[in-house]
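# Chain and residue survey
Chain by chain, the residues run as shown.
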Amino acid sequence: MPELYLRLLDRVLTPILFVVAIFLFLRGHNAPGGGFIAGLVAAAAFQLQILSQGDEAVRARVGQHLQPLAGIGLLCAAGAALLGLINGTFFQSVWIFAELGALHIEQGTPVLFDLGVFLVVVSVMTSFLLGLSKRDEEPFDD
Amino acid sequence: MLSFSPLLLSILALIAVSPLIWSVRPHRFRHFGWIAAIPPAVITAWLLTQIGAVSEGRHVTAVYGWIPQFGLELAFLLDGLALLFGLVIAGIGTAVALYTGYYFEDNPRQGYFYSLLYLFMASMLGIVWSDNLLTLFVFWEGTSITSYLLIAFNDEDPNAVAGGRRAFLVTAAGGLAMLFGMIILGENAGTYNISGILTAPDLAASPAFSTAIVLILLGAFTKSAQFPFHFWLPGAMSAPTPASAYLHSATMVKAGVYLLARMHPALNESPVWFWSLLIIGGATMLLGAISAIRYFDIKALLAYATVSQLGILVFLLAFDSEYAYIGVAVGILAHALYKGPLFLIAGIIDHATGTRDLRRLSGLLSSMPAVGVTALLSLLSMAGIPPLFGFIAKETLLETFFHFAEHGGGLLGWIVLAAAAVAGAFFVGYSFTLLWEVFLRKEPSAQDPAHVHHAPSFSFVLGPAALVMLGTLAPFALPWVDKSLLAPAASSIGGRVVEAHLKLWHGFTPVLMTSLAAIAVGALIFVLRDRLRAILSRAPKNLNGIYVFDKTIYSIYDLAGLSTRLVQGGTLASQASVVLLAAVAALSYALLRTDWARDLPIDWTNSASAAEVILATLAVVAAIVTVRARTRLNAIVSIGVVGLTVTVFFVFFSAPDLALTQLLVDILTVVLLVLVFYRIPPATLPPIRFRTRLRNLAVSIGAGALGFFLVLFTIGEPFSPRIADYFMLNSAPLAHGANIVNVILVDFRGFDTLGEITVLAIAAVGGYALLRSVRLYVRPSHLDSDQKPAKKE
């Protein structure tokens, strides 16, 4: 069983890390951050969970979703590129602007594309982390 | 703004329906086939409404910009040839979709099959409607992939998987050759637009024209199962029968023929074209026709018959006459209308009796009359008996060669005519054989006769029966079929307007006499069939494409194994040394050729700040500590320090995004390393031999020097400020983002990123497979028989 402080850290830090990931993702277009970095932060959150709860628990919870998630990410990215056809060509960005009271909304296909990057990075990093932290029955040969 | 042409819409709709149909789990519904047939039926109906316009020369076109800066576009064109093929694809697709529901009744994988079928249909329509070589290539590969998945549909059957892999490797290799050919053509013509290439002046005089033809022929020949690549098609018969009928008889294998027909006006004047098509097509025609009779499995027999038919079509395309154009058009339609149903019937027989073995079957005409009549009509059509559609196809074929022989062909012409007649006679021979052995005779030849224990329902037989009815009625509406379908298609093949001239009855011409003689010889073949089977089954076993192909593929595996042992044997350190030394060797050649004084204008006056010096020292010290560490944990921690100092460097040079990324990657790496090494005993590192240390030192110095000089050259290169300025200026107005790094990643250079994340995802799948240590291949037993037993390791 992992040490107490790790489990405590997990309780406190994991939600924060996920929020930070979302924050980094959302601000990415205008300030340091973005899908790639946010993906790494989210992967770090999973890493913390693996350390504190053991890989089996995490694998049972998210393992089977990882490969589909990478696929969805690629579809998001490719879909964002294809949506460009609306404006005439492949990969041409499409933006939507709206004013909702004080709220200024500016969303476009690059954000969808970035979401794709985020999903692929989370999925790939987490599956590597899970794969490498797997406990084998037989010890390694040295 | 985007306007959807029905051409693009059909393809997109099929792609969109594909996952949907999988997710509704259609095997739960008894009559799902009727619903699944709707999308192709709608496309067929739309195509039928276009017949009038297209036959008058008003083609449907649709062009969408893809990357207009490079002249890349999605271009579709519906002319006579595209319409004929479109109708065959969508029409037979309708019948096959209906049939599939009953073929896979209650099978939970029905939905998966449908989803592949629709994807295939979309790709196939894409091939024949594309007016751009590159678009055509993408769809072409789409059919290769769906075909692979369909052949290997029964993925627990090693034969099916091996057959699928063979088919895929052969067609994909041919496809790559074709791509190179297309690029040569496109660059020479200055456009990748097919209509543009067909009308490009002086294309034949352009450089590497013959090379381009040969490469394109390779693509077409592999796809259309021409000798010596024909072996993949019989191997593809492990696919479920609806797929065999649809892909490996009616449509996909004709993609090669389609490509040849499409490019015919541009390429046919080259002697390379004429002789390749004549020899390869002719050889395939005869080989397929003669081999077919030897097989007792109905599907195998039909597969070889299909190979022969494809040979005939390629053979015809060698000739540049109106007879040949019409012959190809009528051959495609007639073959689709009799061979497709025959495959479907083979599936029904399998379903009803549990076997496809000719020796065990008999008298099915009386036990399944509807199936029997359908089969009777299609077999007579295959034999070319008047007044069926197959007869007209054969007449046109023979007419082409008569015309060729009488107008300048000379001796070659008569040889060609004789070869076609021989193939025709074999067609008659095995049509009669199937008809007699499966449907008419009272007693089977084998001991354990098969019985009908699962009579097919009406809807199951409806698909093939409807196709056969069309084929039977077509000759009676011949003027209309000719004028509205065949002549427009022939015009596309010829590149000039071809008038309709087909007739059912020409009088007692030499062509009819030859045709009757072929039927007579065919009857003789039928009578002597058992003797022929005995002779043909004595052919040497290793004299076939499958053996040669597998031998080649597994020698590649062996070679890969050998190189792995040579390069990647031993410890991680020695493997890394090989990689690093290779990089050093490759790049030091470039370094040796540089003019140091000119390429390295180092500004010695630009001194480093105190902070930079401290950081650099820290990085170097941490690196030395890593190397000298006694325990793994120490090494991991100090390598983490190296990473962190680099992060701080990025901060100094105001690259916050890079710094963040580096920081996160560094953290994750350290934790990962701890995770992995934590469980490897012992905790202290074993001592390294002196010789190994020397080698490591040499490699490290080499790699370090390489990195040093690379960076030096990179900064020595005068950096174009225009790029940076462009991004700075345009990031906010064009891409609505203030973070230039992110804007470059997701917008300006988004295509690169798409490639990178694709590679990342593929790497994850590969890593997953490696971590599960899947055995990648099992050597087939038939290759081991002629070798010494493997050495024990």
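Model, not experiment: these values are computed from the prediction.

### Describing the overall build of chain A
Of the regular secondary structure elements, chain A holds four helices and two strands. The N-to-C order of helical and strand elements in chain A reads α-α-α-β-β-α. Taken over 142 residues, chain A has a buried fraction of 41%. Sequence-distant contacts, at least 24 apart, represent 69% of the contacts inside chain A between residues at least 6 apart.

### Some details on the confidence of the model for chain B
Residues and elements named next belong to chain B. Confidence in the prediction of chain B, expressed as mean pLDDT, is 85, and 94% of residues score 70 or more. Here residues 774-778 is a poorly scored stretch, pLDDT under 50, and it has two contacts once near neighbours within four places are set aside; other chains count. With pLDDT under 50 throughout, residues 785-793 is counted as low confidence; its partners more than four residues away or in other chains account for zero contacts. Confidence metrics for the complex model read pTM 0.81 and ipTM 0.85.

### Some remarks on the interface of chain A and chain B
On the side of chain B, 43 residues touch chain A, which itself brings 46 residues to the contact. Only α2 (35-53), α3 (55-83), β2 (103-108) and α4 (109-132) of chain A provide two or more residues apiece to the side of chain A that touches chain B. For the side of chain A that touches chain B, a count of residues per class yields 28 nonpolar, 15 polar and three charged.

### Examining the environment of B:Leu697
All names here are of chain B. With respect to the helices, strands and loops of the structure, Leu697 is situated in helix α29 (residues 690-716). The exposure class assigned to Leu697 is exposed, which follows from the 11 C-beta atoms found within 10 Å. Linking Leu697 and Leu259, residues 438 residues apart in sequence, is a C-alpha distance of 58 Å.

### Examining the packing of helix α18 (residues 389-440) of chain B against helix α21 (residues 510-527) of chain B
All names here are of chain B. For the pair α18 and α21, interaxial distance at closest approach is 7 Å and the crossing angle is 35°. Note that α18 runs across α21; the crossing there is right-handed. When its residues are assigned to classes, the contact of α18 with α21 shows 17 nonpolar, six polar and three charged.

### Digging into the nonpolar core
When a protein is soluble and globular, its nonpolar side chains tend to lie buried together. The biggest cluster of nonpolar side chains holds 205 residues, and the ones touching the most others in it are B:Leu84, B:Val88, B:Leu317, B:Val328, B:Ala329 and B:Leu486. With 24 residues, α18(B) is the largest single contributor of residues to this core. Discounting residues that sit within four places of it in the chain, B:Ala329 has contacts with B:Leu84, B:Leu486, B:Ala489 and B:Ala490. Formed by 51 residues, the second largest nonpolar core is a distinct cluster that contains A:Ile37, A:Ala38, B:Leu745 and B:Ala764.

Analysis parameters
- Residues numbered from 1 in each chain as written.
- Chains lettered and ligands numbered in written order.
- Predicted model: local features only at pLDDT ≥ 70, side-chain atom pairs only at ≥ 80, totals over all residues.
- Helix = DSSP H or I, 4+ residues; strand = E, 2+ residues; numbered from the N terminus.
- Buried ≥ 20, exposed ≤ 12 C-beta atoms within 10 Å, placed from the backbone.
- Contact = placed C-beta atoms within 7 Å.
- pLDDT = per-residue confidence, 0-100.
- Nonpolar A, V, L, I, M, F, W, Y, C, P; charged D, E, K, R; others polar.
- Axes fitted to C-alpha atoms, helices over the stretch in contact; angles between N-to-C directions.
- Left-handed = near helix turned anticlockwise from the far one by under 90°.
- Core = buried A, V, L, I, M, F, W, Y, C linked by C-beta atoms within 7 Å.

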